Amino acid sequence: MIYVDTREKKNGHIIKYFEKNGIAYERKKLEVCDYAAQSNILIERKQNLLELAGNITKAHGRRIKAEFTRVPPDAKVYVLIEEDIGAFKNVTKWHSAYMKLSGVTLYKHMIGYQKRHNLQYIFCDKTISGRLIAELLEVQHGK
């Protein structure tokens, strides 16, 4: 069973994958992250680097920092970013027309979060997000 946070938005492609593959899910308010299972594995999904950048800047940074602080110490957190940039180091090449934050600065923030909160970043095309979430949460198809 996968638990999906009720505040998770624009995830129809993921729910569609779950339903097509017989993966049981339930919407409920989660204290931390967007997806969870019975295990101590949690997944926070971001639509792209722009969303992540907006979440970790001063305006919204306190909220996401507080959320990651509530993660149980034995939990593993994956941050699934639906933007296939290849290697993590390619974040340094990112730029936005909407923010002054540079890719290098974003990368440094991400490294800091990774070290402080036991995070692992995964970049992917959104067409495989549902499968990755099920695999990371070790949920079997049709169960």
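Now for a quick tour of the structure. For every chain, the first residue of its written sequence is number 1, and the numbers climb from 1 along that sequence. Reporting in this predicted model follows two pLDDT cut-offs: at least 70 for local features of residues, and 80 or more for side-chain atom pairs to be given and counted; totals over whole chains, interfaces and linings ignore these cut-offs and use all residues. Values reported for side chains reflect all heavy atoms of the structure, with hydrogen atoms and water molecules removed beforehand.

1. Thoughts on the packing of aromatic side chains
In this scheme Phe, Tyr and Trp rings, the latter by its six-membered ring, pair at centre separations within 6.5 Å, and the angle between planes marks the pair as stacked below 30 degrees, edge-to-face above 60, and tilted otherwise. Evaluation of the coordinates by the stated rule reveals five aromatic pairs. The ring of Tyr-78 has Lys-76 sitting right over it, with the charged end atom 5.6 Å from the ring centre. Across from the ring centre of Tyr-113, 5.2 Å away, lies the NZ or CZ of Arg-116, which sits over that ring. The criterion for a charge sitting over a ring is simple: Lys NZ or Arg CZ within 6 Å of the ring centre, and within 35 degrees of the ring normal.

2. Some remarks on empty space enclosed by the protein
Using a grid of 1 Å spacing that covers the protein atoms alone, one calls a set of points a cavity when a 1.4 Å probe fits there but cannot get out, and a pocket when the set is open and has protein on both sides within 12 Å along at least five of seven lines; lining residues are those with an atom within 4 Å of a point. Grid points are joined across faces, edges and corners, and a volume is the space filled by probe spheres set on the points. Enumeration over the complete set of coordinates arrives at one cavity of 30 Å³ or more. Reported here for the largest cavity is a volume of approximately 30 Å³.

3. A few points about the layout of surface pockets
Rolled over the atoms, a probe sized like a water molecule indicates the empty space that remains. Estimates place the volume of the largest pocket at around 440 Å³. Taken together, 20 residues form the lining of the largest pocket, with Asp-34, Glu-44, Lys-46, Arg-63 and Glu-67 sitting closest to its centre. At the level of secondary structure, the elements contributing two or more residues to the lining of the largest pocket comprise β4 (41-46), α2 (49-56) and α3 (58-69). Basically, the charged four are Asp, Glu, Lys and Arg, the nonpolar ten are Ala, Val, Leu, Ile, Met, Phe, Trp, Tyr, Cys and Pro, and anything else, Gly included, counts as polar. When the residues that make up the lining of the largest pocket are grouped by side-chain class, the tally is four nonpolar, two polar and 14 charged. Secondary structure elements follow DSSP: runs of H or I of four or more residues count as helices, runs of E of two or more count as strands, with numbering from the N terminus.

4. Brief notes about the pattern of salt bridges
Salt bridges are identified by distance alone: a Lys or Arg side-chain nitrogen within 4 Å of an Asp or Glu carboxyl oxygen. By the definition in use, this model includes five salt bridges. Of the charged contacts in the structure, one is a salt bridge between Arg-7 and Asp-5, with a shortest N-O distance of 3.0 Å. For the exposure calls, accessible area comes from a 1.4 Å probe over protein chains only, and a residue counts as buried if that area is under 20% of its type's maximum, exposed if over 50%, partly exposed in between. Relative accessible area serves as the criterion here: at 45%, Arg-7 is assigned to the partly exposed category. Residue Asp-5 is classed as buried on the basis of its relative accessible area, which comes to 3%. A salt bridge links Glu-44 to Lys-46, with the shortest nitrogen-to-oxygen separation between them at 2.9 Å.

5. Side note on the sheet that holds strand β5 (residues 76-81)
Strand pairing requires that DSSP identify at least two bridges connecting the strands. Pairing within the open sheet is mixed, and its six strands lie in the order β2-β1-β3-β4-β5-β6. Bordering the open sheet on either side are β2 (25-28) and β6 (119-123), each of which pairs with just one other strand. Here helix α4 (residues 103-117) sits on the sheet and contacts β5 and β6; the angle it forms with β6, its principal contact strand, is near 135°. In this description, contact between two residues means that some pair of their heavy atoms is separated by no more than 4.5 Å. Angles shown run from 0 to 180 degrees and are taken between the N-to-C directions of axes, each axis being a line fitted to C-alpha atoms and, for helices, limited to the stretch in contact.

6. Looking at α2
Among the eight residues of α2, six are classified as buried, and the element is accordingly described as predominantly covered. Taken as a whole, α2 has its buried residues at Leu-49, Leu-52, Ala-53, Gly-54, Asn-55 and Ile-56. Between the side-chain oxygen at the start of α2 and the backbone nitrogen of Leu-50 there is a gap of 3.2 Å, and the oxygen is on Asn-48. Within 3.5 Å is the distance limit for a polar contact, defined as a pair of N or O atoms, with the added protein rule that one can donate a hydrogen and the other accept it, and that residues adjacent in sequence qualify only through two side-chain atoms.

7. Some thoughts on the packing of helix α1 (residues 12-20) against helix α5 (residues 129-136)
It is at 8 Å that the axes of α1 and α5 come closest, and there the two elements cross at 65°. The hand of the α1/α5 crossing is right-handed. Side by side, α1 and α5 meet where His-13, Ile-14, Tyr-17 and Phe-18 of the first sit next to Ser-129, Gly-130, Arg-131 and Ile-133 of the second. Crossing chirality is assigned from the near helix's rotation relative to the far helix, an anticlockwise turn below a right angle marking it left-handed and a clockwise turn marking it right-handed.

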